[in-house]
Amino acid sequence: MDHTRGLACAPRSAAMAELFRNESACLRANSLDADTDDACLVISFAPWSGRPSLDALGWAEKLCESQRWPALHVVSAQDDWYQSDGAQEVVDRAAAIARRYARVVTYGSSMGGYAALNFASELGAQIAFAIAPQFSIDRAKVDFETRWAAEAGRTAFVRDRIAAISPQVRPVLVYDPWFAPDARHIERIAAHCEPVRVPLPLMGHDGVGGRILKPMLAAAREGDWRGMREQAVASYRRMRKTTAGYYLQLAERARGLSIDARLELLRRAHALEAGHIGVALKRSTLLLAHARAEEALFVQEEALRHASPSFVPSLHSHRAQALTALARDEEALSAARQARELSPQHPYFAHHLAQLLGRKAHWAEALRHQRAAVALHRDNAVYRAQLASLEREAVAAQAQPLSEAAAGVPATERSALWSQACAVEPSYSGAAARFSSALLARGDWLDALAVHDQALRHIPDTPLLHSHRALALARLGRSGEAEAAIGRAIALAPENAYFRHQRAGLWLAAGRYRQAEREQLIALQC
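Residues numbered from 1 in each chain as written. Predicted model: local features only at pLDDT ≥ 70, side-chain atom pairs only at ≥ 80, totals over all residues. Heavy atoms only, no water.

Engineer: Run through the overall build of the protein, naming residues and quoting values.
Structural biologist: Check the secondary structure of the protein and you find 23 helices and 8 strands. In the protein, which comprises 526 residues, the proportion classed as buried is 51%. At a minimum sequence separation of 6, the contacts of the protein that also span at least 24 residues come to 63%. Element-wise, carbon and sulfur atoms account for 52% of the exposed surface of the protein, whose accessible area totals about 24000 Å². (Helix = DSSP H or I, 4+ residues; strand = E, 2+ residues; numbered from the N terminus. Buried < 20%, exposed > 50% of the residue type's maximum accessible area, 1.4 Å probe, protein only. Contact = heavy atoms within 4.5 Å. Areas by Shrake-Rupley, 256 points an atom, 1.4 Å probe, with all protein chains shown as cover.)

Here you go:
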């Protein structure tokens, strides 16, 4: 039970307090006015973070407090684009407070910019100030958006309503017109409203700094959307070459330049803002791509000293790549584990760890993490291909020790050994598979089936055990159950050629020749 629901919490400072919290979101406030007849309320939404926390600062929270601007700050416990019931409850509470104010501005960046637009109508906003926002990340609506595919895959878009934004709201959209994904979202948004466009070339997705955003928010509070645009464009032209982001975007776009020229652009960016993690990650990426792992490792370790928590997993993942290139395998595995543990919902970190575990022949653990990667991002063909590859390698590795054990070790003794292994660790797929293989080789179909059924209660998503189970069922004449078992194995590992060959054999035995032929052709292509 959440004992903080609906309770006012102790203020962080004299002007800042947490008004409400549930499991999904919280609402904080600063400088709320007693006299609201002519005041403006800013309602901000926090952006995507990779490691969201209800205790994190809200978007522009420090700015609004320092300026004593009345503000509410919505923070989400998940990177779910504010689609949860809990987030809606927080928005409803914010709307009740907003009704007391003469003017309302919603404000956010990226995911927060989306929310600033998405909830502007019900919050009574006159201006929705959004930096690099999305129209949606629902692939059914924006098939081009892949940056947050894992988040989209686990989110139900029940409050995705920018298309219904009120004509009373004036959206002010700050974006990089040369950054194609963001520009496409702006066009989708513009199809449903009349936004004020503020194009800032080479801004990138990360946006611009406070020197531009602070005056824009001040103008928004006065309802001056024309002044917002004019001030931003003029300031950006004057100041862009003094920002790290400008040189980062040049290095990103100028792919025809030599590696040294691009690194020089990033060196300038680093000199302007040593703590810019985007610059560090890009330097690391270029150095790794050009076999300069020692230099990449130095960049990563320097960045880790001042990185915010949301970037730490990515830096550890980069470290794992550099350490692998330097043949420091155990350190690489440790770094990959850190990335995975710090960001368990990120599919790439699971995939990368599985890849390193597979190289060390830690099959059971590698398969567990790779299956997690596929579950987190089911549409990723690379993740599915690596899962199939790991499964084939695991099967081959398990088959070899069994054939070696067959020479000179009696079958009864082998079965006893595998039986002991399964009893000690019933969830260990290798022991269960080898034990069942020994029983199948002896023709002990019922005993083998009992092993499969017991093991699958612990590890139901192990395709090799379903394949073994199909063999036992077929031998017992239970052909329908055998087809169901091999069908489950193929569903879990669709690119495994042997499983498809096995199903073709079952269909051939049943006289379903055309189906068997088609399945065998698929097996040959796997």
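Engineer: With reference to specific residues and values, describe the sheet that holds strand 4 (residues 71-76).
Structural biologist: In spatial order, the strands read 1-2-4-3-5-6-7-8; together these 8 strands make up an open sheet with mixed pairing. Every other strand in the sheet has two partners, leaving strand 1 (16-21) and strand 8 (196-199) as the edge strands with one partner each. Recorded for the sheet is a direction-independent mean angle of 15° between the axes of neighbouring strands. Relative to strand 8, strand 7 (residues 170-175) is paired through 4 bridges, and the arrangement is parallel. Looking at strand 8, one finds that L173 is bridged to R197. Against the sheet, helix 2 (residues 85-98) engages strand 1, strand 2 (25-30), strand 3 (40-45), strand 4 and strand 5 (103-109), with an angle of about 25° to strand 2. (Pairing = 2+ DSSP bridges. Axes fitted to C-alpha atoms, helices over the stretch in contact; angles between N-to-C directions.)

Engineer: How would you explain empty space enclosed by the protein if you had to name every residue and give the values?
Structural biologist: One pass over the structure, following the stated rule, counts 1 cavity of 30 Å³ or more. The computed volume of the largest cavity comes to approximately 40 Å³. Taken together, H270, A274, H276, A280, R283, V299, E302, A303 and H306 form the lining of the largest cavity. Here the lining of the largest cavity gets 3 residues from one element, more than from any other, and that element is helix 11 (residues 293-304). (1 Å grid on protein atoms, 1.4 Å probe; cavity = no way out; pocket = protein on both sides within 12 Å on 5 of 7 lines; lining within 4 Å. Points joined across faces, edges and corners; volume = space filled by probe spheres on them.)

Engineer: Which residues make up the pattern of salt bridges, and what values do they have?
Structural biologist: The full count for this structure, using the stated rule, is 26 salt bridges. Across the pair E61 and R28 runs a salt bridge, and its minimum N-O distance is 3.0 Å. Here E61 is found in helix 1 (residues 61-67), whereas its partner R28 is found in strand 2, with 33 residues between them in sequence. Like E61, the residue R28 is buried in the burial classification. Note that R292 and E295 form a salt bridge whose closest N and O atoms lie 2.8 Å from each other. Residue classification places E295 among the partly exposed positions, given a relative accessible area of 38%. (Salt bridge = Lys/Arg side-chain N within 4 Å of Asp/Glu carboxyl O.)

Engineer: Lay out the packing of aromatic side chains with the relevant residues and their values.
Structural biologist: Considering all chains together, one arrives at 8 aromatic pairs under this definition. Measuring from ring centre to ring centre gives 5.4 Å for F45 and Y82, while their planes differ by 80°; the resulting arrangement is edge-to-face. Taken together, the residues F45 in strand 3 and Y82 in the loop between strand 4 and helix 2 connect sequence positions 37 residues apart. Across the pair, exposure class does not vary: F45 and Y82 are buried alike. Members of the aromatic cluster, joined through ring pairs, are F45, Y82 and F119. When the ring centre of F20 is taken as origin, the NZ or CZ atom of R93, which lies over that ring, is 3.8 Å away. Stacked on the ring of W225, the Lys or Arg R170 has its end atom at 4.3 Å from the ring centre. (Phe/Tyr/Trp six-rings, centres within 6.5 Å; stacked < 30°, edge-to-face > 60°. Lys NZ or Arg CZ within 6 Å of the ring centre and 35° of its normal.)

Engineer: With reference to specific residues and values, describe the nonpolar core.
Structural biologist: With 77 residues, the main nonpolar core has F129, M216, L217 and M228 as its most contacted residues. Among the elements that take part in this core, helix 10 (residues 277-289) stands out by supplying 7 residues, more than any other. Apart from residues no more than four positions distant in its own chain, L217 is found in contact with V42, L63, C64, W69, V105, Y107 and F129. (Core = buried A, V, L, I, M, F, W, Y, C linked by side-chain atoms within 4.5 Å.)

Engineer: So, the packing of helix 6 (residues 210-221) against helix 7 (residues 225-239): which residues are in play, and what are the values?
Structural biologist: Viewed as axis vectors pointing N to C, helix 6 and helix 7 meet at an angle of 170°, and their least axial separation amounts to 9 Å. Taken together, the axis directions place helix 6 and helix 7 in an arrangement best described as roughly antiparallel. Every residue of helix 7 that contacts helix 6 at R211, I212, P215, M216, A219 and A220 is listed here: M228, Q231, A232, S235, Y236 and M239. The class makeup of the residues in the contact of helix 6 with helix 7 is 9 nonpolar, 2 polar and 1 charged. (Parallel < 35°, antiparallel > 145°, perpendicular 65-115°, else oblique. Nonpolar A, V, L, I, M, F, W, Y, C, P; charged D, E, K, R; others polar.)

Engineer: Run through the pairing of strand 7, naming residues and quoting values.
Structural biologist: A large share of strand 7 lies buried, amounting to 5 of its 6 residues. For strand 6 (residues 127-131) and strand 7, the ladder comprises 5 bridges, and the chain directions are parallel. Looking across to strand 7, one finds that F129 is bridged to V172. At this point the chain moves from strand 7, through helix 5 (residues 180-190), to the parallel strand 8, and the crossover so formed is right-handed. (Right-handed = clockwise from strand over helix to strand, strands pointing away.)

Engineer: Requested: an account of helix 2, with residues and values cited.
Structural biologist: Here helix 2 contains 14 residues, and its C-alpha end-to-end distance of 20 Å stays within 8% of the 20 Å for a straight helix at 1.5 Å per residue. Where helix 2 is buried, its residues touch strand 1, strand 2, strand 3, strand 4 and strand 5. (Expected span 1.5 Å × (residues − 1).)

Engineer: Explain helix 9 (residues 259-272) residue by residue, including any values.
Structural biologist: Spanning 14 residues, helix 9 covers 20 Å between terminal C-alpha atoms, matching the ideal 20 Å at 1.5 Å per step. Taken together, the buried positions of helix 9 are I259, R262, L263, L265, L266, A269 and H270. Seen end-on, helix 9 carries its buried residues on one side only, within an arc spanning 155°. Against the buried residues of helix 9 lie helix 8 (244-253), helix 10 and helix 11. (Arc of directions from axis to C-beta.)

Engineer: Describe the pairing of strand 5, and please don't skip the residues or the numbers.
Structural biologist: Burial runs high along strand 5: 6 of the 7 residues are buried. Bridging between strand 3 and strand 5 involves 6 bridges; their strand directions are parallel. Each bridged residue has a counterpart across the sheet, and for C40 the counterpart in strand 5 is R103. A crossover links strand 5 with its parallel partner strand 6, the connecting element being helix 3 (residues 111-118), and its sense is right-handed.

Engineer: Tell me about the side chain of N118, and please be specific about residues and values.
Structural biologist: Within the element layout of this structure, N118 appears in helix 3. With a relative accessible area of 3%, N118 lands in the buried category. A polar side-chain atom of N118 sits 2.8 Å from the main-chain amide nitrogen of R161. Dropping the residues within four chain positions of it, N118 is found in contact with Q83, R159, D160, R161 and I162. (Polar contact = N/O pair within 3.5 Å; in protein donor to acceptor, adjacent residues only side chain to side chain.)

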